[in-house]
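In case you want the letters, here they are:
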Amino acid sequence: MSVFAKATATRSARAAWTGIAIAGVSALLLTACSTGSPAPAESEEPATDAGDALPIAEGERDLALKLGTILPQSGALAFLGPPEEAGVQLGADDVNAVDSGLAVEVVFRDSGDTTTDTATVSVTDLLSQDVSAIIGAASSGVSKTVIDQIVAAGVIQFSPANTSADFTDYNDNGLYWRTAPSDVLQGEVLGNLIAEDGNATLGLIVLNDSYGTGLAQFTKDAFEAAGGEVVAEALFNEGDSSFDAQIAEVTAANPDAIALVTFDQAKIITPALVGSGYPGDQLYFVDGNLSDYSADFAPGLVAGSKGTLPGLDTGTLGDFTDRLLGIDPDLTDYSYAAESYDAVVLLALAAYAANSTDGAEIAKYLQQVSGGTGDGEKVTSYEDGIALLAEGQQIDYDGPSGPITFDENGDPTEATIGIFQYLDDNTYERIGDG
């Protein structure tokens, strides 16, 4: 599969990834795996086509939508916090700039990582403030620690960055949603990329949690299906500070390439790997650690290495990144900012459609405002969306993160996975889509 190819894949509602078809030379478009199933209005079965779309009342609204966030201000994914929080704030600002009768308030809290109970403390605080939805966590492992608490309270959990396939069939009462695609997709792209680059053998250093082991498995499956062999796989736990054993285990197998399925542990692992004699241009990074390392690594340390990250090319998003900088002028990374923005806008549109700020009522409308029930006029802004909803019309929202179109389980059914390469200064640039 060419990294510049375009492919479309389909699957049943609760099946795993079933295949990939190549078509053309544009960005790769993938049909995603699914998440928690939204609660239907008057049936045990979720809406699946235009005929099942719920009616939308015409007229004005008077709604105060309170949202909370549990995004990483600390911990192993703290580098993702600033762009995600900026995306949330920009989304709230855009909603509030429209005289729609719906106002959004956001309460920002920290998620930490799985070595702390920060997320639980934050969720408890947010639930006490009667939020309708909580945006986050970024880490799939952190979300696993709080999802039951959130959905038991009848509140929506909406992650812009969770990619673990475990959430596909999670018993979430229809209240878990995400704008990030399943790791089934990223693993498919990463595994094929490594094979296409001419590597016959692969070693993996993997965070031992639902994100790390899941993404590693999908990468391994794709690489082996392409004719490669995984010759070593070393696990470590969140909170570990020494990775000498894992590095020794993987390098002893002398793989052609090594994939690092980690969070910010890559800051320690990468220099140690290269210091042991492994080539810095034979490493592969993932969304959990694809970061600007210009201030962390010696010049040229990882030049030529590659990585994958879900999302559209920020260079195609017009003034979106400039507007994010208006929220946070210190941003240097935009990972999952668009997905965070779209989470806010989709929640606001669904609340408007439901004419309610009750979490369960909002959840009933999330699929259909994304176009997931097969009907609705295409819109690309909150303002255009509520103009139609106020007339009782169905809409199909697509935002800066791209086409969303939730399936009945709450996952986006389309996604683009960016392919990146590191430069001599240890920053990275997009070289294609997969």
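Everything below is about the structure shown above.
Quantities reported herein were computed from a predicted structural model and do not represent experimental measurements.

(A) Quick peek at the sheet that holds strand S16 (residues 428-433). A sheet is described by the order of its strands in space; here seven strands give the open sequence S9-S8-S10-S11-S12-S15-S16, paired in mixed fashion. Two strands bound the open sheet, and with one partner strand each, they are strand S9 (229-236) and S16. Between one strand axis and the next, the sheet turns through 25° on average, direction left out of account. Where strand S15 (residues 417-422) meets S16, five bridges bridge the pair, whose relative direction is antiparallel. Within the sheet, the bridge partner assigned to Tyr422 lies in S16 and is Tyr428. Set on the sheet, helix H5 (residues 210-225) makes contact with strand S8 (201-207), S9 and strand S10 (257-261); between it and S8 the angle comes to about 170°.

(B) Structural context of the pattern of salt bridges. Counted by the stated rule, this structure contains nine salt bridges. A salt bridge links Asp166 to Lys144; its shortest N-O distance comes to 2.9 Å. Linking Asp166 in the loop between strand S6 (156-159) and strand S7 (176-178) with Lys144 in helix H3 (residues 140-152), this pair joins segments that are 22 residues apart in sequence. Judged by relative accessible area, which is 44%, Asp166 ranks as partly exposed.

(C) Just the nonpolar core, in detail. Among the nonpolar cores identified, the biggest contains 58 residues, and Leu102, Val104, Ile156, Phe158, Leu347, Leu349 and Tyr382 are the most heavily contacted of them. It is helix H9 (residues 337-354) that contributes the most residues to this core, 15 residues altogether. For Leu347, the contacting residues outside a window of four places in its chain are Leu65, Leu67, Ala133, Ile135, Ile156, Phe158, Ile362 and Leu366. Judged by nonpolar contacts, the second largest core, of 53 residues, contains Leu80, Ala161, Ile269 and Val286.

(D) Expanded view of the packing of aromatic side chains. Using the criterion set out here, one finds 13 aromatic pairs in the structure. Arranged with centres 5.0 Å apart and planes meeting at 80°, the rings of Phe236 and Phe243 form a pair that is edge-to-face. One exposure class covers both Phe236 and Phe243, and it is buried. Joined through ring pairs, the aromatic side chains of Phe285, Tyr293, Phe297, Phe420, Tyr422 and Tyr428 make up one cluster. Seen from the ring of Tyr352, Arg61 lies directly overhead, with NZ or CZ sitting 4.4 Å from the centre.

(E) Structural view of the pairing of strand S12 (residues 306-310). Burial analysis of S12 places five of its five residues in the buried class, which makes it a mostly covered element. Alternating positions in S12 separate into two faces, Lys306, Thr308 and Pro310 on one and Gly307 and Leu309 on the other, with burial throughout. Pairing between strand S11 (residues 283-285) and S12: two bridges, direction parallel. Paired with Phe285 across the two strands is Gly307, which belongs to S12.

(F) View of helix H10 (residues 359-369). Counting buried residues in H10 gives eight out of 11 residues, a clear majority hidden from the surface. If you check which residues of H10 are buried, you get Gly359, Ile362, Ala363, Tyr365, Leu366, Gln367, Gln368 and Val369. The backbone nitrogen of Ala360 has a side-chain oxygen 3.2 Å away, supplied by the residue at the start of H10, namely Asp358. Where H10 ends, the next residue or the one after it, Gly371, has phi of about 90°, a positive value.

(G) Structural detail: the environment of Glu105. Tracing the backbone shows Glu105 in strand S4 (residues 102-110). What makes Glu105 partly exposed here is its relative accessible area of 44%. Sequence separation between Glu105 and Leu67 is 38 residues; the distance between their C-alpha atoms is 6.1 Å. The contacts of Glu105, once residues within four sequence positions are left out, are Leu65, Lys66 and Leu67.

(H) Looking closely at the packing of helix H2 (residues 118-128) against H3. Where H2 meets H3, the closest approach of the two axes is 9 Å, and the angle between their N-to-C directions is 30°. Classified by the angle their axes make, H2 and H3 are roughly parallel. By crossing handedness, the relation of H2 to H3 is classed as right-handed. Along its contact with H2, which presents Ala119, Thr120, Val123, Thr124 and Leu127, the element H3 presents Val142, Thr145, Val146, Gln149 and Ile150.

(I) Region of the structure containing H5. Taking 1.5 Å per residue as the helical rise, H5 with its 16 residues ought to reach 22 Å, and the 22 Å between its terminal C-alpha atoms agrees with that figure. All buried positions along H5 are accounted for by Ser210, Tyr211, Gly212, Gly214, Leu215, Ala216, Thr219, Ala222 and Phe223. Tucked inside the fold, the buried residues of H5 contact H3, helix H4 (183-196), S8, S9 and S10. The opening residue of H5 is Asp209, an N-cap whose side-chain oxygen sits 3.1 Å from the backbone nitrogen of Tyr211.

Calculation notes
Residues numbered from 1 in each chain as written. Predicted model: local features only at pLDDT ≥ 70, side-chain atom pairs only at ≥ 80, totals over all residues. Heavy atoms only, no water. Pairing = 2+ DSSP bridges. Helix = DSSP H or I, 4+ residues; strand = E, 2+ residues; numbered from the N terminus. Axes fitted to C-alpha atoms, helices over the stretch in contact; angles between N-to-C directions. Contact = heavy atoms within 4.5 Å. Salt bridge = Lys/Arg side-chain N within 4 Å of Asp/Glu carboxyl O. Buried < 20%, exposed > 50% of the residue type's maximum accessible area, 1.4 Å probe, protein only. Core = buried A, V, L, I, M, F, W, Y, C linked by side-chain atoms within 4.5 Å. Phe/Tyr/Trp six-rings, centres within 6.5 Å; stacked < 30°, edge-to-face > 60°. Lys NZ or Arg CZ within 6 Å of the ring centre and 35° of its normal. Polar contact = N/O pair within 3.5 Å; in protein donor to acceptor, adjacent residues only side chain to side chain. Parallel < 35°, antiparallel > 145°, perpendicular 65-115°, else oblique. Left-handed = near helix turned anticlockwise from the far one by under 90°. Expected span 1.5 Å × (residues − 1).

What is shown is where atoms sit, not what they do.
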